[in-house]
Amino acid sequence: MKDDLQGINREINQKKSLLNKTKKVETKVSGELQQIEKNLQEKETNLLSLGRDLRGVENNLGRIKGQIESVEAEAFRKKQQINSRISALYKAGDAGNIRIFFSSGSFSQMMENLRYMKAVLENDRKLFTDYQAKMEQLRLLKTELEHDQANKERIRSKMEAKRLEIAEEKKIKTGLLLKVREDKQGYIVSLKKLQANAKRLQSMVERLEARSRKGYTVRKNKAVTGAERYVSIPDKGLGAQKGKLSLPVKGSVTAQFGRHKHPQFNSYTVNNGISINAPVGTQIHAIYDGQVIFADYFKGYGNMIIVDHGGGFFSLYAHASSINKRVGATVAKNDVVASVGDSDSSNGSMLYFEIRYQGKPVDPSPWFR
């Protein structure tokens, strides 16, 4: 029992070490998250700046589109004027200009007609020049529009990449922090259970040692009166039953008492008792008369019952599916105390059984016929 207590205390120390490491990781990850939040704020600021750039480009695109519409309308009007002039010249032909020249009644009228013809030609030339200028302006505006549209798409792509980057960083770090906190909570819960089991086991060890000491004192001091004599459970002689007992359950022994070498991993394990394979629900019998001093769940052993047989002898039955006796109950040899199960067992349904003398495990095999 003391060995079990030492094992649980070692496991408690391991859990505390893991818990401390987890707290350090949590602090580190929390610090990294704070830095990430700071970086995210900078990226959010960059996004705002990109958003302003995008709005500026979109406003400029709207302005350019308005200019393009205006220039296209003006160019269309110039084109219509040119078409009208070409149509008029085509109808009149060269004779039209000659008729205008020779229809003059006087020299001054002839000069006036010449100035008119010159003005018409100048106006025609201006129409073509203006039209060409508008078409060039239209070409430049369309080039600027294409450039701003491409710039707009680049800004949009950068903004989308930033958003994805921010979301991914948040997801990774938040997930990591959640995992660390879940591990931490798991360690805390496990530690509390281990500490509770250690407390119960310590109390059990102390009770067993007290029983053994008092029993030894009573046997040694034969002169005390009957009123003063301590009688826990009458010693009916379990110590004299070696080789005469029946197994507590019908089944096959699959793990023996003592130190065993693993055939593959070259490592050693120590069994404080024996393991007996049996179907779930098979009845478990007390090996001898005694009193139940423990009947409850115990981590690593599952549902467990311990019987005090007096004289410093105890029997332990673990991994039960159910327990039939309560603490304080008196049991007789072969009474059903529990049923086979697989609670906290890594090897399926089985009974783990121990015999202890003055708190120390002894090999149960020689006790059975």
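Residues numbered from 1 in each chain as written. Predicted model: local features only at pLDDT ≥ 70, side-chain atom pairs only at ≥ 80, totals over all residues. Heavy atoms only, no water.

(A) Just the overall build of the protein chain, in detail. In terms of helices and strands, the protein chain carries 2 helices and 12 strands. Listing the helices and strands of the protein chain from first to last along the sequence gives α-α-β-β-β-β-β-β-β-β-β-β-β-β. Within the protein chain, buried positions represent 33% of all 369 residues. Put simply, 71% of the contacts in the protein chain that link residues at least 6 apart link residues at least 24 apart. Only carbon and sulfur atoms are counted for the fraction: they give 53% of the accessible area of the protein chain, which is about 22700 Å². (Helix = DSSP H or I, 4+ residues; strand = E, 2+ residues; numbered from the N terminus. Buried < 20%, exposed > 50% of the residue type's maximum accessible area, 1.4 Å probe, protein only. Contact = heavy atoms within 4.5 Å. Areas by Shrake-Rupley, 256 points an atom, 1.4 Å probe, with all protein chains shown as cover.)

(B) Summary view of the side chain of His-309. One can find His-309 in strand S7 (residues 302-310). Reaching out from His-309, the side chain makes a polar contact with the backbone oxygen of Tyr-288 at a distance of 3.4 Å. (Polar contact = N/O pair within 3.5 Å; in protein donor to acceptor, adjacent residues only side chain to side chain.)

(C) The arrangement of the packing of aromatic side chains in detail. Tallying each qualifying case throughout the model produces 7 aromatic pairs. Between Phe-313 and Tyr-357 the ring centres are 4.5 Å apart and the planes differ by 40°, which places this aromatic pair in the tilted class. With a gap of 44 residues between them, Phe-313 in strand S8 (residues 313-323) and Tyr-357 in strand S11 (residues 350-357) connect regions that are remote in the sequence. Taking the relative accessible area as the measure of exposure, Phe-313 reaches 12% and is therefore buried. (Phe/Tyr/Trp six-rings, centres within 6.5 Å; stacked < 30°, edge-to-face > 60°.)

(D) Region of interest: the side chain of Thr-282. Inspection of the secondary structure puts Thr-282 in the loop between strand S4 (274-277) and strand S5 (283-285). Of the polar contacts made by the side chain of Thr-282, one reaches the backbone oxygen of Pro-279; its length is 2.8 Å. Thr-282 has contacts with Val-249, Lys-250, Ala-338, Ser-339 and Val-340, leaving out every residue within four places of it along the chain.

(E) Just the confidence of the model for the protein chain, in detail. In this model, the protein chain carries an average pLDDT of 77, and 75% of its residues clear a pLDDT of 70 or more. When pLDDT is averaged over each element of the protein chain, S5 comes out on top at 97 and helix H1 (residues 2-102) at the bottom at 71. Taken together, the stretch residues 216-220 has pLDDT below 50 and engages in 3 contacts with residues farther than four places along the chain or on a different chain. (pLDDT = per-residue confidence, 0-100.)

(F) How the structure looks around the pairing of S8. A large share of S8 lies buried, amounting to 8 of its 11 residues. Looking at chain direction, S7 and S8 are connected through 6 bridges and run antiparallel. Following the sheet pairing, Ile-306 is matched in S8 by Leu-316. Examined bridge by bridge, S8 and S11 share 6 bridges and lie antiparallel to one another. Across the sheet, residue Phe-313 finds its bridge partner in S11, namely Tyr-357. (Pairing = 2+ DSSP bridges.)

(G) Seen up close, the pattern of salt bridges. All chains considered together, the criterion is met by 4 salt bridges. Ionic pairing is found between Glu-74 and Arg-77, a salt bridge with its closest N-O pair at 2.4 Å. Here Arg-77 and Glu-74 lie together in helix H1, a separation of 3 residues that amounts to about one turn. (Salt bridge = Lys/Arg side-chain N within 4 Å of Asp/Glu carboxyl O.)

(H) Structural view of the environment of Leu-50. Within the fold, Leu-50 resides in helix H1. Classification of Leu-50 as buried rests on a relative accessible area of 10%. Along the chain, Leu-50 and Lys-158 lie 108 residues apart, while their C-alpha atoms are 8.1 Å from each other. If near-sequence neighbours (up to four positions away) are discounted, Leu-50 is found in contact with Ile-155, Lys-158, Met-159 and Lys-162.

(I) Main features of the nonpolar core. Core analysis: the largest hydrophobic core is formed by 26 residues, its most contacted members being Leu-245, Ile-284, Ile-287, Tyr-317, Val-337, Leu-351 and Phe-353. Of all the secondary structure elements, the ones that give two or more residues to this core are S4, strand S6 (290-298), S7, S8, strand S10 (336-340) and S11. In this structure, Leu-54, Leu-61, Ile-64 and Leu-145 belong to the second largest nonpolar core, which totals 14 residues. (Core = buried A, V, L, I, M, F, W, Y, C linked by side-chain atoms within 4.5 Å.)

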